[in-house]
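# An overview of the molecular structure
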Amino acid sequence: TILSIDGTVSCAACHVSDLAFSDDRRVSRGFEGRTGTRQSMPLFNLAWKKHFFWDGRKSRIRDQVLEPIQDHQEMAANLDHVLLRLNRRKGYLQEFENTYGPGPVTAEKLSLALENYLLTLVSDQSKYDDTVAGTAQLTVKEDRGKELFFSKPSRGGAGCFQCHGGATFTDSEFRNNGLAPTEDLGRHRVTGKAADKGLFVTPSLRNIELTAPYMHDGRFETLADVIAHYNDPIHQSPTVDKALPVKGLALSENDQEALIAFLKTLTDPRYNE
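Worth saying up front: this structure is predicted, and the values here are computed from it rather than measured.

### A closer look at the environment of T202
Among the secondary structure elements, T202 is positioned in the loop between β2 (200-201) and α9 (223-231). We classify T202 as buried; its relative accessible area is 8%. In this structure the C-alpha to C-alpha distance between T202 and D171, which are 31 residues apart in sequence, comes to 6.7 Å. In contact with T202, not counting residues within four places along its chain, are C163, H164, T170, D171, E173 and R175. At a separation of 3.1 Å, a polar atom in the side chain of T202 contacts the side chain of D171.

If you want it as structure tokens, here you go:
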């Protein structure tokens, strides 16, 4: 909490360890209960991320970590004041010197310390990972969900892998996934390009069971709500992703349940303790 304006807010206020370092609010809540406009993103496997924040405005963790400290709606602190506090605390100053050598705590050292901690948050021990390693087996229902996940809609599947593929279950790209629009234009706020209106970074589906509510603005409370969004006709706009079927996936109720069952196999028990 020493990083916030009045010592009441820490990074952990919005990134709770047993919720995969996310929180359970629609949008983040900071100093004096001020609310932001986007949901707190979970924190794991960050070494493999290309972009940070929902709009990707930072490309390195060390640059990202200093923004919430200074953001008026989050920790609302003056960075110079934070550094002054850290340098006045003998314990902190000594620990920084032990790590980075003699000299005062600087913004660079603070950002590197936070970055190095965040890089330790690796998630790779879910039930799904165990099945890949050959030490566990999916249930019939989970296996059906896996089949749907990795099959294209043109073949009766859900096509999730097209955006959420690979070991990290994200392509780290920016996409418009057919949500009804709000004033938040996503990536457009960073680039100013019309083609980026309504685009947000694709989140990882690892630990998705733990990170409700869902989407950048937390509009969906459950995984069932998320599946229903893709199952029904999506909102059309010039930037909507071409991988999404215009009329929706039209999965049966049983297949929707199977898909959710598979998604829950991506939960790493170390992030739900």
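And the narrative resumes.
### Side note on the nonpolar core
Membership of the largest hydrophobic core comes to 29 residues, with the highest contact counts inside it found for L3, I69, V82, L86, L110, L118 and Y271. Breaking this core down by element, the ones donating at least two residues are α2 (66-70), α3 (79-88) and α5 (107-118). It is α3 that contributes the most residues to this core, four residues altogether. The contacts of V82, once residues within four sequence positions are left out, are I2, L3, I69, A77 and L110. Ranked by size, the runner-up nonpolar core spans 24 residues in total, among them L205, L223, L251 and L263.

### Re α5
What sets the pattern is the α-helix's 3.6 residues per turn: residues three or four places apart point alike. Taking 1.5 Å per residue, 12 residues should reach 16 Å; α5 reaches 17 Å between its end C-alpha atoms and fits that length. Taken residue by residue, α5 has K109, L110, S111, L112, L114, E115 and L118 as its buried positions. Those residues of α5 that are buried lie in contact with α1 (61-64), α2, α3 and α4 (90-100).

### Thoughts on the packing of aromatic side chains
What the rule picks out here adds up to 10 aromatic pairs. Ring geometry for F149 against F169: centres 5.8 Å apart, planes inclined by 65°, an arrangement best described as edge-to-face. One end of the pair, F149, is in helix α7 (residues 140-149); the other, F169, is in the loop between α7 and β1 (174-175), with 20 residues separating them in the sequence. Comparing F149 with F169, the two get one shared label, buried. On the numbers, 6.4 Å between centres and 35° between planes, the contact of F150 with F161 is tilted. Note that F150 is positioned in the loop between α7 and β1 and F161 in the loop between α7 and β1, a separation of 11 residues in sequence.

### Some points on unusual backbone geometry
Going from A212 to P213, the amide bond is cis rather than trans, its omega being 0°. Position of P213 among the secondary structure elements: in the loop between β2 and α9. The phi dihedral of A20 is positive, around 55°, even though this residue is not glycine. The residue A20 is located in the segment before α1 in this model. The class of A20 is buried, set by a relative accessible area of 0%. Non-glycine residue A76 carries a positive phi angle of around 55°. Along the chain, A76 falls in the loop between α2 and α3.

### Here's the deal with the packing of α9 against helix α10 (residues 253-264)
The interhelical angle for the contact between α9 and α10, taken along N-to-C directions, is 125°, at an axis separation of 10 Å. Of the possible angle classes, the one that applies to α9 and α10 is oblique. The handedness of the crossing between α9 and α10 comes out as right-handed. Contacts from L223, A224, I227, A228 and N231 of α9 reach α10 at Q256, L259, I260 and L263. Looking at side-chain class alone, the contact of α9 with α10 contains seven nonpolar, two polar and no charged residues.

About the criteria used
Residues numbered from 1 in each chain as written. Predicted model: local features only at pLDDT ≥ 70, side-chain atom pairs only at ≥ 80, totals over all residues. Heavy atoms only, no water. Helix = DSSP H or I, 4+ residues; strand = E, 2+ residues; numbered from the N terminus. Buried < 20%, exposed > 50% of the residue type's maximum accessible area, 1.4 Å probe, protein only. Contact = heavy atoms within 4.5 Å. Polar contact = N/O pair within 3.5 Å; in protein donor to acceptor, adjacent residues only side chain to side chain. Core = buried A, V, L, I, M, F, W, Y, C linked by side-chain atoms within 4.5 Å. Expected span 1.5 Å × (residues − 1). Phe/Tyr/Trp six-rings, centres within 6.5 Å; stacked < 30°, edge-to-face > 60°. Axes fitted to C-alpha atoms, helices over the stretch in contact; angles between N-to-C directions. Parallel < 35°, antiparallel > 145°, perpendicular 65-115°, else oblique. Left-handed = near helix turned anticlockwise from the far one by under 90°. Nonpolar A, V, L, I, M, F, W, Y, C, P; charged D, E, K, R; others polar.

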